Structures are given as C-alpha cells and as structure tokens.
Amino acid sequence: MVAAPIFGYLGDRFNRKIILSCGIFFWSTVTLLSSFIGKEYYWLFVLSRGLVGIGESSYSAISSTIIGDLYTSNSRTMMLSVFYLAIPLGSGLGYILGSGAKDAAEDWHWALRVSPVLGITVGTLILLFVPDPKRGSADQMEGHIHHSQSWLSDMKALAKNRSYVFSSLATSAVSFATGAFGMLIPIYLFRAQVVQKEVEACTKKVCSSRDSLIFGAITCVTGLLGLVIGAVATRFFRRKTGRADPLVCAVSMLGSAIFICLIFVVAKNSIVGAYVCIFIGETLLFVNWALTADILMFVIIPTRRATAVAFQSFTSHLLGDAGSPYLIGKISDKLQERFASSELWKFLSLGYALMLCPFIIVLGGMFFLATALYFLDDREKAEKLKKLMQQTPPSSVKAINHRQRKPPAQIRYTEIQLTPSAASSDRIRPPPHPAVLQDVRINARAAPSLALSKHRQQI
C-alpha cells in the first residue's frame, strides 16, 4: 500500500515492463521465504507479509496503464475486464489452492509455497513477451511523449479532478466490503451452521475449510459474471449516454447492497439462501472493477495514469480492506462482551457487525453518482490536455517568432517592355503592386539587333 505511490511515479517515467517484472519476482521470493520462518521469529514473518505488498503495488499500479496504451474505447473496457478478472479469480483460487495445500500437507506453511511458483512463471513471461507501448499510443498521440512535470504537480492535478476523487472514494467502499467478506463471511456461515445444529462448534486451532472452499468457488464465478455483465452493459448504454460508465457502477453497487443485507436475514434459517444472496450480491459488486479503471483512463492523461492508479490503490487499501476486517471484528467482540457468551450470540454479533458493509456499499454507490455528474467535463478537459501535449513546445514557438521578426531582403522584379517606337526612351512600366515579387518578362518587338536587358531593383 505504502509503496504504490513510488511505483506510480516510476511507472510514468521509466520502462514499465521491467518495473512490473521486478515487483512480481520480489513478491514471489518473499512469499516463498516467509514459509520457512519459525514461530520464534514471528516478527520477521509479519514483516515479510508486509513486504509482499511491494510486489502487489508494482503490478496494480502499472499493469492497467499498459493495457490503456494498447487499446481504446470498448476494446479497452473488454481487455481491462479480462485483466481485473484476476482479482476475484485469484482470490477464489487462493482459498481453494491454499486450503487444499494445507490439508494435503497437514501444514499451513505449504499454502505459501504454491503461489510463488506461479508468480515467477508469470513474471518471466511478462519480461519476455509483453510489450511496453509508448504512452498515449492508443490515444493517437504522435511522437515521444516526455513527462515534464513533478510528482507534486501531478498530485495537485489529480486532487482537482472531481471524477477521479469520487471514483477513488467509491473504490475504497468496494475494497472495504470485499476485504471484510473475504476474512469473515466463511466464519459467519460456519457459525450459522452451528446455530442450525448442522455442525459442531470448532474448538481446534485449525477448523474445517468447507465454507472457505465454497466461498472461494462462488467468488471465482461471480467475478467472471460481474466483469462480463459490466463490459456488456457499458457497451450497450454508451450508445445512449456518455455517462454510462459511472452510472452502471452506481446502479450495480446499490443493487448489491440489497442482496448483501439479505444475507444476514436468511442465514439463520437457510445456508443455501445465504449462498444465493452472496452469489447475486458479489456479482453486482464485481461489475465495477474494470469500469473504475476505464473511468480513470478517460479522465486522466497518459503521462499521469500510473500515478493516478497507484494513489487510487493506496486510498482504497487505506480506507478499505486494510482496516475493515479488524474494525468489524472489533465491533463483533465488543457486542459479545455485553451479553452472555453463547454460540447464538457469537453468530448474531458477527452478523450485526457485518451489517456495516451494506451501508458502506450504498455510500460507494452515491460516490459513483457524483462521478457521473462531472465525468463528461473531466473527460473533455483530458482530451484538450492531450491535444496540447502534441503541439509544438512553447520554447520552440518563441524561437521561431524571434527569427521571423527580421525577414530577409525582398527582391522586386520589374517588367520592361520595349517597342520599336519607344526604343530610345526605354520606358519602364512599374509593377502592379510593390509587395509582389515578379519575374522579369520582356516582350521583344523591336528589330533583332536591339539588345534585350534585364533590370533588377533591390529593396
């Protein structure tokens, strides 16, 4: 999270493919090494898990900007949807592969030894085969575009971009909910089954992972459906309004809040009903993953996009999933302390705490509606800035104007017409206009012995 602004600064100024690959290699190596740390070095394990965020910051800040420079319009929306499919798909596979490796080896350390192999493989493929397009190439910005402004100037420009600010706050709301769900929903569903007397209460350190596996599978499927629905819906509504992107995000988030509220209503009596509400709620929530990045591409110029993505990632983690599991867990613990401890109250207290998520999601939907108000204006400003970036630099214009202040000497040619009757007088007819440059035209009507002459008058 903290490293995201650093990678955003580097991604706007240096080779993005190398930065991206190095970040993935670092993340994979640290993850693998952390699995060998003993319990007596717990502080080192915590530090290593924090360092994993450095690798995450590299590809989260840079990857989408490369896609933004390879595609545009509806094609860019579709490619961003495919890219952001990795978020729910990776999260879901993490639950499945991690719990599977833990159960197979009967050691949780092996859950940390699966993903590094995949990370190193992907990092190598990126380094070898993924291009690093010129910034602004998809926007038809010709020539080599240099980043001539400081990081502070970039941040000031982003702070004044209202579409960017509101969409970043909306992304933080989504991150808040998904972070809390990923950590606490499996626990909540397990406690619901305990209340329904379908399973026994867990007193061991390592409990059954069935709910984690089911939730992971649902996350994979809903992530795919949500991104596809978002891309198709945006493509359709762009024909009707230029504000389609933020409006689709707002409607999907408000609809998601309804079904997420229903989870806590039906879970006590029906686990299947709870899973159905989770499925619909997560599908609507994942609609806006790619669209948020597409909104950013529309309202931010190419030389500022990595910084914008990085700071958006920073704020979404800071205000979202970095603290939401702890906050909701703390609320649940405080509620449990006020009443006698029982399995029913453990279930209810966690449900009451998780009810904070739908309200945060509604707040995120309102932020997307605010984004829709300013989206067209900010998009137009970005287009104007991109056109100005392609024009001749001001210093070159001044040099050209300075050279044109003293024009070179002009030469005016006159036309001489000699006739037999006026050969001796050599009458010269002046040019029709003193500012026009003319070639000498001589009409010879005299005898062949009369010599022809050409006069040139220099002004």
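Refer to the structure above for everything that follows.
Conventions and cut-offs
Residues numbered from 1 in each chain as written. Predicted model: local features only at pLDDT ≥ 70, side-chain atom pairs only at ≥ 80, totals over all residues. Heavy atoms only, no water. Axes fitted to C-alpha atoms, helices over the stretch in contact; angles between N-to-C directions. Helix = DSSP H or I, 4+ residues; strand = E, 2+ residues; numbered from the N terminus. Parallel < 35°, antiparallel > 145°, perpendicular 65-115°, else oblique. Left-handed = near helix turned anticlockwise from the far one by under 90°. Contact = heavy atoms within 4.5 Å. Nonpolar A, V, L, I, M, F, W, Y, C, P; charged D, E, K, R; others polar. Phe/Tyr/Trp six-rings, centres within 6.5 Å; stacked < 30°, edge-to-face > 60°. Buried < 20%, exposed > 50% of the residue type's maximum accessible area, 1.4 Å probe, protein only. Lys NZ or Arg CZ within 6 Å of the ring centre and 35° of its normal. Core = buried A, V, L, I, M, F, W, Y, C linked by side-chain atoms within 4.5 Å. Salt bridge = Lys/Arg side-chain N within 4 Å of Asp/Glu carboxyl O.

(A) Seen up close, the packing of helix H3 (residues 42-68) against helix H13 (residues 305-321). Between H3 and H13, whose axes approach to 9 Å, the crossing angle comes to 135°. Judged on the interaxial angle alone, H13 and H3 are oblique. For H3 against H13, the interelement crossing comes out right-handed. Contacts from Glu56, Ser60, Ala61, Ser64, Thr65 and Gly68 of H3 reach H13 at Arg305, Ala306, Val309, Ala310, Ser313 and His317. Looking at the contact of H3 with H13 residue by residue, the class counts come to 4 nonpolar, 6 polar and 2 charged.

(B) Expanded view of the packing of aromatic side chains. Tallied over the full model, the rule gives 9 aromatic pairs. Between Trp345 and Tyr352, the ring centres sit 6.0 Å apart and the planes meet at 65°, which makes this aromatic pair edge-to-face. For Tyr352, a relative accessible area of 49% translates into the label partly exposed. Taken together, Phe166, Phe367 and Tyr374 form an aromatic cluster joined through their ring pairs. The cationic tip of Arg76 hangs over the ring face of Phe298; the distance from NZ or CZ to the ring centre is 4.7 Å. Sitting over the face of the ring of Trp110, Arg113 holds its NZ or CZ atom 4.7 Å from the ring centroid.

(C) Here's a closer look at the nonpolar core. Counting 61 residues, the largest nonpolar core has Tyr188, Ile263, Ile278, Ile328 and Leu354 as its most contacted members. In terms of residue count, helix H8 (residues 162-195) provides more of this core than any other element does, 13 residues in total. Residues within four places of Ile263 in sequence aside, it is in contact with Tyr188, Ala274, Cys277 and Ile278. Among the nonpolar cores identified, the runner-up in size contains 14 residues, and Ile24, Trp27, Ala61 and Ala310 belong to it.

(D) Region of the structure containing the pattern of salt bridges. Overall, the coordinates contain 8 salt bridges when judged by the stated rule. Notably, a salt bridge pairs Asp245 with Arg238, separated by 2.8 Å at the nearest N-O pair. Exposure remark for Arg238: the relative accessible area of 21% places this residue in the partly exposed category. One salt-bridge network, in which partners are shared between bridges, spans Arg76, Arg238, Asp245 and Asp294.

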